[in-house]
Amino acid sequence: MTEDSASRIAADLRDWVATAAPGTRVPSSRALVDRWGASAATVQRAIRLLATEGLVEARPGVGTFVRAVRTARPQDYGWQTTALRSPGVRLPEPSWSMRPTPEGAIGLHAGYPDRELLPERALRAALGRAARSDAVLSRAPVAGLPELRAWFAAELASATPAGVSPPTGGDVLVLPGSQSGLSSIFRALVGAGRPVLVESPTYWGAILAAAQAGVQVVPVASGPAGPDPDDLRRAITETGARAFYAQPVFANPTGAHWSAETRADVLDVVRAHGAFLIEDDWARDFGIDAEPVPVAAHDDAGHVVYVRSLTKSVSPAIRIAAVVARGPARERLLRDGGAASMYVSGLLQAAALDVVTQPAWTRHLRHLGPQLRARRDLLVSAVREHVPDAHLEHVPAGGLNLWLRLPDGVEPRAFARACEAAGVLVAPGTEWFPAEPAGPYVRLNYSGPDPGAFAEGARRIGAVLAGTG
Ligand SMILES: Cc1ncc(COP(=O)(O)O)c(C=O)c1O
């Protein structure tokens, strides 16, 4: 029996408790087991859930009883308003794409791949092995497990051409997910009050991390083939920025993929201006029609600070990423990371390392591309058929998302709310723009659960757009 069954039983029990008088005895476990056909452990889990919510209380040896309802007295937290004063930085609410999908709705808004796209078997086995190893009881080194650092370095080295000195494990720092890495990079390498250039549109989490670090975000327009290097050069000269955050490979949200020429030109620009390229290689494992080649593979002079995450390809529960940086920049990041989180759980690092070094990992990635292609093509056809008034500017060669332009005049957040009411979740594009949006967009993710529902999802989106949803 799963957590889901326990939650369902708890939901039923909650309804029952709502109508029961305080002190009423909850039916015995055996009665509940018979009623739901669930295991005793699942029923116990459901009852424990209600107990944590304060709805029932267990009296050992006697039974479980409905608790008396406590009168809700509104608390006055007003004193905190004066104590806290205005926030230095007012951070936005969590992204729309992090919302849970309501039961029965079609979720195209989230950014995380469905479990059928994850190496579940290999991960469960790896966690079992990690649980039996010393990792359970030991503290990992501040920079990360040496073997995992060596693996991240070898991955980048495998794309490094002859003549460029490849990174080593010594250049790698393991992170608890790349989100915290972005915060650390903006804080430690850019610094509060200083400018950082970012592609527009760009990942909302990077905009958030920059805001948290107090750095000033300066947008540079970026299309399906990346930014115009001349634009970048002008922006660096005008602002004096010494860092450019970008996703050269299958960008989130647009799926943009830089050509070899753009990669080389951008590297030339940052080199010429003594600047950093902060390369977020989040989609390294999600190639469909193109082979991902990071810009970092062509840099051995420390200009590219390279971020690679395993969160989406291994599991959202294994929050492991790494930054590859050389020279004093690496040292600054090491100290900043140490101050923020000391070290990353060795257990998670050991499990991640186990997964990515098994032959099953290579097989998994070989199958992942065709699976993503089938899902992408399904959603593209569904959108073209059912949402003819929207414009799909670009079919991405990799990544997890479609970036759909809505007709002018449609407000993306209001549109996303209307879609939600129609039982389909889309992510309003507004969040991916560091300044005013260049147009009304929504992001649709094709890696979520139940691709069989893509056509119905697109039909509902089309109906909302046509004003009949
Ligand atoms: C472009 C990009 N960078 C970084 C991240 C964050 O990665 P992590 O989950 O490792 O923190 C995401 C997650 O959505 C992303 O899309």
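Above this text sits the structure in question.
Basis of the calculations
- Residues numbered from 1 in each chain as written.
- Predicted model: local features only at pLDDT ≥ 70, side-chain atom pairs only at ≥ 80, totals over all residues.
- Heavy atoms only, no water.
- Helix = DSSP H or I, 4+ residues; strand = E, 2+ residues; numbered from the N terminus.
- Rg over C-alpha atoms; globule rule 2.2 N^0.38 Å.
- Buried < 20%, exposed > 50% of the residue type's maximum accessible area, 1.4 Å probe, protein only.
- Contact = heavy atoms within 4.5 Å.
- Areas by Shrake-Rupley, 256 points an atom, 1.4 Å probe, with all protein chains shown as cover.
- Lys, Arg positive; Asp, Glu negative; His and termini not counted.
- Charge placed at Lys NZ, Arg CZ, Asp CG, Glu CD.
- Near = heavy atom within 4 Å.
- Polar contact = N/O pair within 3.5 Å; in protein donor to acceptor, adjacent residues only side chain to side chain.
- Nonpolar A, V, L, I, M, F, W, Y, C, P; charged D, E, K, R; others polar.
- 1 Å grid on protein atoms, 1.4 Å probe; cavity = no way out; pocket = protein on both sides within 12 Å on 5 of 7 lines; lining within 4 Å.
- Points joined across faces, edges and corners; volume = space filled by probe spheres on them.
- Domains from an automatic or database assignment.

A. A look at the overall build of the chain. Per the secondary structure count, the chain includes 15 helices and 16 strands. The C-alpha atoms of the chain give 25 Å as radius of gyration, which agrees with the globular expectation for 469 residues (23 Å, within 12%). Projected onto the principal axes, the alpha-carbon positions of the chain cover approximately 75 × 60 × 55 Å. The burial tally for the chain puts 49% of its 469 residues in the buried class. Sequence separation of at least 24 residues holds for 75% of the intrachain contacts in the chain that already meet a minimum separation of 6. In the form shown here, the chain has an accessible surface area of approximately 22100 Å², with 54% of it arising from carbon and sulfur atoms. Each charge class in the chain can be summarised by its mean position, and for the 48 positive and 47 negative side chains these summaries are 8 Å apart.

B. Seen up close, the site of the ligand. Surrounding the ligand, one finds Gly177, Ser178, Gln179, Tyr203, Gln247, Asn252, Asp280, Trp282, Ser309, Thr311, Lys312 and Arg319. Backbone polar atom of serine 178 to an oxygen atom of the ligand: 2.8 Å apart, as the coordinates give it. Here aspartate 280 contributes a side-chain N or O atom positioned 2.5 Å from a nitrogen atom of the ligand. The protein chains hide 96% of the 400 Å² of surface that the ligand would expose on its own. Considering only residue class, the shell around the ligand consists of two nonpolar, seven polar and three charged.

C. Structural view of the layout of surface pockets. When its volume is computed, the largest pocket comes out at roughly 460 Å³. If you trace the largest pocket, you find 18 residues lining it, with Pro92, Glu93, Pro94, Arg413 and Glu431 closest to the centre. Elements supplying a minimum of two residues to the lining of the largest pocket: helix H8 (204-213) and helix H14 (412-421). For the lining of the largest pocket, the class distribution of residues is 10 nonpolar, two polar and six charged. Mapping the lining of the largest pocket onto the domain boundaries places at least three of its residues in each of domain 2 (96-111 + 362-468) and domain 3 (122-357).

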